[in-house]
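# Structural features, examined
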Amino acid sequence: MNSSMLSPVSKLTTAAKRLLLGRPFRSDSLGHTLLPKRIALPVFASDAMSSVAYAPEEIFLVLSAAGISAYLYAPWVGLAVAFVMAVVVASYRQNVHAYPSGGGDYEVATKNLGPTAGLTVGSALLVDYVLTVAVSISSAASNIGSAVPFVATHKVLFAVVAIAVLTAINLRGVRESGTAFAIPTYAFIIGMAVMLGWGLFRTYVLGDDIQAASAGFGLEAEDEHLYGIAFAFLIARAFSSGCAALTGVEAISNGVPAFRKPKSRNAATTLLLLGSIAIVLLMGIIILAQKIGVVYAHDESNLIGAPADYHQKTLIAQIAETVFHGFPIGFFFITIVTALILVLAANTAFNGFPVLGSILAQDRYLPRQLHTRGDRLAFSNGILFLSGAAIAFVVLFGAEVTKLIQLYIVGVFVSFVLSQTGMLRHWTRLLRTETDPAQRAKMKRSRVINAIGLTATGTVLIIVLITKFFAGAWIAILTMVAIFVVMKLIRKHYDSVSRELDESDWDGVLPSRTHSIVLVSKLHLPTRRALAYARATRPDTLEAVTVNVDDADTRKLVREWENSEINVPLKVVESPYREITKPVLEYVKRVRKDAPRDVVTVFIPEYVVGHWWEQVLHNQSALRLKGRLLFEPGVMVTSVPWQLSSSTRAKQPADVNAPGSVRRGFEQPGRRR
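Residues numbered from 1 in each chain as written. Predicted model: local features only at pLDDT ≥ 70, side-chain atom pairs only at ≥ 80, totals over all residues. Heavy atoms only, no water.

Another aspect to go through is the packing of helix α5 (residues 104-113) against helix α6 (residues 115-147). Relative to each other, α5 and α6 sit at 165 degrees, their axes nearing to 6 Å. Judged by the angle between their axes, α5 and α6 are roughly antiparallel. In terms of crossing hand, the pair formed by α5 and α6 is right-handed. Residues Asp105, Tyr106, Ala109, Thr110 and Leu113 of α5 form the contact with α6, whose own contacting residues are Pro115, Ala117, Gly118, Leu119, Val121, Gly122 and Leu125. Here the residues of the contact of α5 with α6 are counted per class, giving 8 nonpolar, 3 polar and 1 charged. (Axes fitted to C-alpha atoms, helices over the stretch in contact; angles between N-to-C directions. Helix = DSSP H or I, 4+ residues; strand = E, 2+ residues; numbered from the N terminus. Parallel < 35°, antiparallel > 145°, perpendicular 65-115°, else oblique. Left-handed = near helix turned anticlockwise from the far one by under 90°. Contact = heavy atoms within 4.5 Å. Nonpolar A, V, L, I, M, F, W, Y, C, P; charged D, E, K, R; others polar.)

This is the structure:
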């Protein structure tokens, strides 16, 4: 559309959109938005890396139920989580090489296990992406709250605003969002490496006896006498909470198309970097926290010996405060970059969810609007949908990480299990036809890796379901089932529409006659233009229709019509209840009933206005009429615009001569009479 045809409101809206999102990109510039590895790492790996900010905390929190002595098992729980992460990273490196198109777990499950398995993976990942945003942002609010009390008391508000900001950044495009997130992500990695390296060096090499502020506190355990199955269940719960560190690994398999060439190799390299950094940070935090004696309780009232005004900081904040004692800049730096990485960790979901939504929409399981890219070549509708769903979870659960994390990771491990099962079938199928010994050896090695991945993730899924189901995981499972059913219904609808449109052969029979009706309220210029346009279509029958809602006005219109040079008959339709829409509909139905093979075209004059408030004052009857007439079979609706002087179109010359342009003084140069 030419800019001269936009109303002031449209121009203002467009200008605001450009200010926030930037200028639109051409479709052929998509290649320039692809990511190098140095940018892809912060874009896709921030979720897995940032999980070390809350996964160790959740391990200590669960173990605290058995008292401080249970903290001795934290490193072993951490090692189990690290092992599973290493296995999953190795397994997904096989995935990105075998399926580099960006379908990820959904594509693997669909092609190897069938549409139902693929749709199960799709629904699980959609829920997990939403929870990734909710958990990451809520954890960021808790970390910032350790240094800024205002945020601690307004966590929901902070989380909602943070999600809105992330949404705006991602709507600007993948490349720009990646560049914006690279600096804080690398700052987090470097900051955590310095903190952990210095802290471990002081404690293990220099022998400094540094103790956390909470080291001298006791802990009132919920149950100090856990033995046998009960204690094993507690360890399993700690392990399942710590496995939140694995979320985000699957996002790279969905985001392979966003990498520069060679796409699969760059994605696999980024995946290896992701796993290595996350494992080092996870184990470093757990070991250092235990060494400096951090005591972390679910409720501050369970701390024994704590001062009355003591405010419990997050696990990361307590470590930073201890390691950088006497150097407050270090403490605030770690607090800030941790909060930033937790906010930006949600960006993994903002890249994974829209791509997966686009693929599901292409397969007709989600609305088609999720398949297309926006002005900045980002999947804008998917980004907005994810944002709205995440805000709903944050508000519903009060931005509490402990509550939200119970819903978490169920979905991602469902996708892990089905994906690894699909990869086993993938390699088995290829081995049936492959004859090259080198390729067969490579495939067998990959199958072993995926088999180990299936065993590990299957075990974790069982543990997660047992330990988290009644704690809140049932909500996530119920949501997955609901999404699965909705996607099935959407696909059923699209298939039904497709059959209806494709299988019904058009007989090619044209209407026997055309009956045109021009709706009239007054005898003014818009009415005359509508009559002229109607005549230009050369209908078999042309008549004007007015609805009598006021006797005096109708009589005046009839007199003016009879005294004019118009030779089109004017028919008056009575309306005893002063309605307009219903009498017109009934009249059109009567015309159709009298001549079922005729097509009826209704011409409706409309004003084109330049201000939003003018739209409220005009065209309301026309909008209602169009909305009703469109549902009538055999009826065509044509709007005849009349540009009022307030409209931009009326104020500026058009690029081409339109009807009435000469009369309005908009004749193009060189077209003098």
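Turning our eyes to something else, we now look at the pattern of salt bridges. Summed over the entire model, instances satisfying the criterion amount to 11 salt bridges. Between Glu107 and Lys111 there is a salt bridge, and its shortest N-O distance comes to 3.0 Å. With a gap of 4 residues between them, Glu107 and Lys111 both fall in helix α5, about one helical turn apart. A relative accessible area of 13% means that Glu107 is categorised as buried. Taking relative accessible area as the criterion, Lys111 reaches 55% and is therefore assigned exposed. Taking the shortest distance from any N to any O, the salt bridge between Lys571 and Glu543 comes out at 3.8 Å. One end of the pair, Lys571, is in strand β5 (residues 570-574); the other, Glu543, is in strand β4 (residues 541-548), and 28 residues separate them in sequence. On the basis of relative accessibility, which here comes to 38%, the residue Lys571 falls in the partly exposed class. Residue Glu543 is classed as buried on the basis of its relative accessible area of 7%. The structure contains a network of salt bridges with shared partners spanning Arg364, Arg491 and Asp495. (Salt bridge = Lys/Arg side-chain N within 4 Å of Asp/Glu carboxyl O. Buried < 20%, exposed > 50% of the residue type's maximum accessible area, 1.4 Å probe, protein only.)

It is worth spelling out the sheet that holds β5 at this point. By definition, the strands of a sheet pair up through backbone hydrogen bonds, in either a parallel or an antiparallel sense. Spatial ordering of the open sheet is given by β5-β4-β3-β6-β7, a layout of 5 strands whose pairing is parallel. Of all the strands in the sheet, just β5 and β7 (635-643) have a single pairing partner and so form its edges. Adjacent strand axes in the sheet meet at a mean angle of 30 degrees, parallel and antiparallel pairs treated alike. The strands touched by helix α23 (residues 620-629) are β3 (514-519), β6 (599-608) and β7; relative to β6, the strand with the most contacts, the crossing angle is about 155 degrees. (Pairing = 2+ DSSP bridges.)

Let us look at the packing of aromatic side chains. In total, this model carries 8 aromatic pairs according to the counting rule given. Between Tyr92 and Phe416, the aromatic rings sit 5.4 Å apart at their centres with planes inclined by 65 degrees, giving edge-to-face as the arrangement. Separated by 324 residues along the polypeptide, Tyr92 in helix α4 (residues 74-98) and Phe416 in helix α17 (residues 410-433) bring together distant segments of the chain. When its relative accessible area of 1% is taken as the criterion, Tyr92 is described as buried. Measuring from ring centre to ring centre gives 6.0 Å for Phe353 and Phe385, while their planes differ by 15 degrees; the resulting arrangement is stacked. (Phe/Tyr/Trp six-rings, centres within 6.5 Å; stacked < 30°, edge-to-face > 60°.)

The next point concerns the nonpolar core. Among the nonpolar cores identified, the biggest contains 147 residues, and Val133, Ile137, Met195, Leu246, Ile319, Leu360 and Phe413 are the most heavily contacted of them. Setting aside residues up to four positions removed in sequence, Phe413 forms contacts with Cys243, Leu246, Thr457, Val460 and Leu461. (Core = buried A, V, L, I, M, F, W, Y, C linked by side-chain atoms within 4.5 Å.)

Topologically, Ser564 is positioned in the loop between α20 (551-563) and β5. Under the relative-accessibility criterion, Ser564 is labelled buried at 17%. A distance of 3.4 Å separates a polar side-chain atom of Ser564 from the backbone nitrogen of Ile566. (Polar contact = N/O pair within 3.5 Å; in protein donor to acceptor, adjacent residues only side chain to side chain.)

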